[in-house]
Amino acid sequence: MLVAVVAASASPATAWGQALVPAPRPLAQGWQLHEDAADAGLRENWPLQLPQAGWTPTSVPGVLDGRLGTASFGGTVGWYRVRFRGPVTPAGFAWALRFESVRRTARVWLNGREVGRHADPYVPFELPATGLRAGQANELLVRVDNRKGAEPREGWWNWGGIVRPVSLVPRGPLHLSDTGVLPVVSCAPGGGGCAAKVVVDGVLENRSTAAIDRPRVELLLDPPAAGGAAIKRTVDVRALQAGESAHVRFEVPVPDPALWQPGDPQRYAATVTTLAGNAPAQVDRRWIGLRGVRVREGMLELNGRQLDLRGAAIQEDVPGRGPALSAGDIRGIVRELRAVHANVTRAHYLLDPRLLDALDAAGIMVWSQAPIYHRDRLLETAAQRASALSTLRQTVLAARSHPSVITHSVANELSAAPDKSPGTAAYLAAAIRTVRATDPTLPVSVDLLSYPGYPAARAYLGFDLLGINSYFGWYPGKRAHPTGRLADLGPYLDRMRALYPRQGMVVTEFGAESTFTGPATEKETYAFQSDYVRDVLGVVRARAFVGGAIYWTLREFAVKPDWDGGAGRDVPRDAIHNKGLITYAGQRKPAWAVAAQDFGSTRVFRSVSATEALGIPDGGGGGHGGGLVVAAAALVAALLALDAWALLGLLRGRVRRPRLAFAPRT
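What this report covers is the structure whose coordinates are included nearby. Because the structure is a prediction, the values reported are computed rather than measured. (Residues numbered from 1 in each chain as written. Predicted model: local features only at pLDDT ≥ 70, side-chain atom pairs only at ≥ 80, totals over all residues. Heavy atoms only, no water.)

### Quick notes on the overall build of the chain
- The secondary structure content of the chain amounts to twelve helices and 40 strands.
- Here the chain holds 666 residues, and the buried ones make up 58% of them.
- When contacts within the chain are restricted to residue pairs at least 6 apart in sequence, long-range pairs at least 24 apart make up 74% of them.
- Accessible area for the chain stands at about 26,200 Å²; split by element, carbon and sulfur atoms hold 54% of it. (Helix = DSSP H or I, 4+ residues; strand = E, 2+ residues; numbered from the N terminus. Buried < 20%, exposed > 50% of the residue type's maximum accessible area, 1.4 Å probe, protein only. Contact = heavy atoms within 4.5 Å. Areas by Shrake-Rupley, 256 points an atom, 1.4 Å probe, with all protein chains shown as cover.)

Written out as structure tokens, the structure is:
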């Protein structure tokens, strides 16, 4: 049920709220780990009678096993425990346990009482800290099981453990969950005349045992410029009965907006205070950036200006501790992206919130993606699709307030013919609706398994952006859909523009392995990789309708033990994905310099004409008449490339234009 906004007025409650609401309490010190490779802990009832021996000090974030090898890839079971003194709890408040990520499954006990379970390894979750003893000793116990089957498919090492931070978070009588502070920026083409507002969004719950007659939510927005005026808005909402929850969404105009963009990542300090009458119940703080992302006539724009993305993807993988990043690791990732002159990065799953914060501050954009990767077999049933949509929704909720995030990708490399896979098509349709409902301010995207020779897919027409994962010239592809020749990449991109003239298009993944010195004609040499990077970027540069390219990956990472790399060489493998521009040990390869030169010489903003956006040359010296003839011929070719149903959809206006402006629910 929606909450009706009754009134809006300024309020002095923010400072008071910050003083009276308890601060979150990180649980970062004193952790111990007990291995349980035989999975005996549940049978022996460890939650009620923990073994005295076998505990070793460990780090959280951390992994169960930092070794790479065939024996450890399948995963194991381990038990984490930490003892801590319970914080003072004000009247009307309680506490929850927040885990940013546990791979793969977690069961949690507090003082011997099970408080919950979680089975999604790539999204954060909260559990009630039931039985917490304020001011006394408490013991938190977490059983982590990262044993892995054949599904879901993943292209990275099966790291397991509590791989991101854990904290106690306060929960008052009113709780605004999944608090989002979302920018809506509308600019004229070319970046002039920008108007801005922010949208506060969340689900408000009355956690108390009595009705709350006057719930309120307040936004305080402090501008980045010294001396600028703060913006404050408080909304009064209708009464909530005990246990009732409802959706809240309201807008706050921002005059004279200072915009976030690469090279000038200006950020506002946003504080959202939830009040029961005049009593503060919750305080959420965010650093937000005002930026507008849209697709206009097939071109990706930031703040009204066309983007030309250049960057490299990342895997959160540090030797010995995998995705359990330290603060130094996060600084190192940002430093390496800056060194290669990347203005964008990408990953196959939700990034660590601390890393997203750092990318926000650095002005590096993020192609954010839910980890729905090669999962067609896990999308066949309604229950499987519901699970995937839950992962997608939680990914969007966690990413949506970060200004670095420029799109929400719903999947990576599903079937190349989704219309013939009912489960996949149903998921993609539902995924578009899920993203638009959760964050209507950003384009929705999907990353494609790119094979030539397929007709237009109806399942793709509702997306704003298409990510092209291209390995032309590296992998051979399929017999009827070959990708063995790099020379075929350009024609493939041209045909994709003809099939999908309204969608933005970015080469989101390309790469070649390299491990030794040798001639450029031999796959897996450093020279081959260097030429490959140069040539693919040249194909992209020659096509103005392509909104950029993201190399896979910045740094090497660990993969499944039987990974063969794709070069077709019969040599021993070391479970390392060798496509990175930087080795797993941190050494730059020659291709790094090639990428850095191209990235550094490419301006993040450009101006592409309407005909160029359709993949049509401007006509050279033929004058306006010649250009029109070329444009007309190309348009006919584009229409002929579409299936009959797609052509009818275009003529009837059924091909959805990107939903770019904020659209409030009714």
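### Comments concerning the pattern of salt bridges
- Evaluation of the coordinates by the stated rule reveals 39 salt bridges.
- Note that D447 and R346 form a salt bridge whose closest N and O atoms lie 2.8 Å from each other. A residue pair is termed long-range when its members are at least 10 positions apart, and D447 in strand β30 (residues 444-449) and R346 in strand β27 (residues 344-346) qualify at 101 residues. The exposure classification of D447 matches that of R346, with both residues buried.
- Put simply, D308, R310, R541, D598 and R606 are held in one network by salt bridges that share partners. (Salt bridge = Lys/Arg side-chain N within 4 Å of Asp/Glu carboxyl O.)

### Re the sheet that holds strand β14 (residues 174-186)
- Read from one edge to the other, the open sheet built from three strands follows the order β14-β15-β18, with strand pairing classed as antiparallel. Sheet topology places β14 and β18 (245-254) at the edges, where each strand pairs with a single neighbour. Sheet twist, expressed as the average angle between the axes of neighbouring strands with direction ignored, equals 15 degrees.
- By the bridge criterion, eleven bridges tie β14 to strand β15 (residues 195-206) in an arrangement that is antiparallel. By the bridge assignment for β15, V184 is matched with K197. (Pairing = 2+ DSSP bridges. Axes fitted to C-alpha atoms, helices over the stretch in contact; angles between N-to-C directions.)

### What to know about the sheet that holds strand β4 (residues 56-57)
- Overall, antiparallel pairing links the six strands, which are arranged β4-β3-β5-β11-β8-β9 in an open sheet. Every other strand in the sheet has two partners, leaving β4 and β9 (113-118) as the edge strands with one partner each.
- Relative to strand β5 (residues 77-85), strand β3 (residues 32-35) runs antiparallel, the two being bridged by four bridges. Bridge pairing in β5 links L33 to Y80.

### A word on unusual backbone geometry
- With an omega of 5 degrees, the peptide bond between V60 and P61 qualifies as cis.
- Among the structural elements, P61 can be located in the loop between β4 and α2 (70-73).
- Looking along the chain, the bond that leaves W552 and enters T553 is cis, with omega of 0 degrees.
- Looking at the secondary structure, you find T553 in the loop between β37 (548-551) and β38 (557-558).

### Observations regarding the nonpolar core
- The biggest cluster of nonpolar side chains holds 108 residues, and the ones touching the most others in it are V410 and Y427.
- Here this core gets seven residues from one element, more than from any other, and that element is helix α8 (residues 526-541).
- Among residues more than four places away in sequence, those in contact with Y427 are I372, L379, R385, A388, L389, L392, V410, A411 and L414.
- The next biggest cluster of nonpolar side chains, apart from the first, holds 30 residues, and it includes L204, I231, V254 and A270. (Core = buried A, V, L, I, M, F, W, Y, C linked by side-chain atoms within 4.5 Å.)

### Quick word on the environment of T273
- Looking at the element boundaries, T273 is found in strand β21 (residues 268-276).
- Judged by its relative accessible area of 0%, T273 is buried.
- In the structure, T273 is positioned 252 residues away from V21 in sequence and 9.7 Å away in space, judged by C-alpha atoms.

### A word on the side chain of N578
- Its place among the elements puts N578 in the loop between β39 (576-577) and α9 (590-601).
- Setting aside residues no more than four positions away along its own chain, N578 makes contact with A512, E513, S514, T515, Q529, E556, R573 and K589.

### Describing the pairing of strand β23 (residues 293-296)
- Two strands pair when backbone bridges link them, and β23 and strand β24 (residues 299-302) are joined in this way by four bridges, in the antiparallel orientation. The partner of V293 across the bridge, within β24, is L302.
- As consecutive antiparallel partners, β23 and β24 are separated by two residues, and within that stretch E297 has a phi angle of approximately 50 degrees, a positive value.

Purely spatial values, then, with no claim about function.
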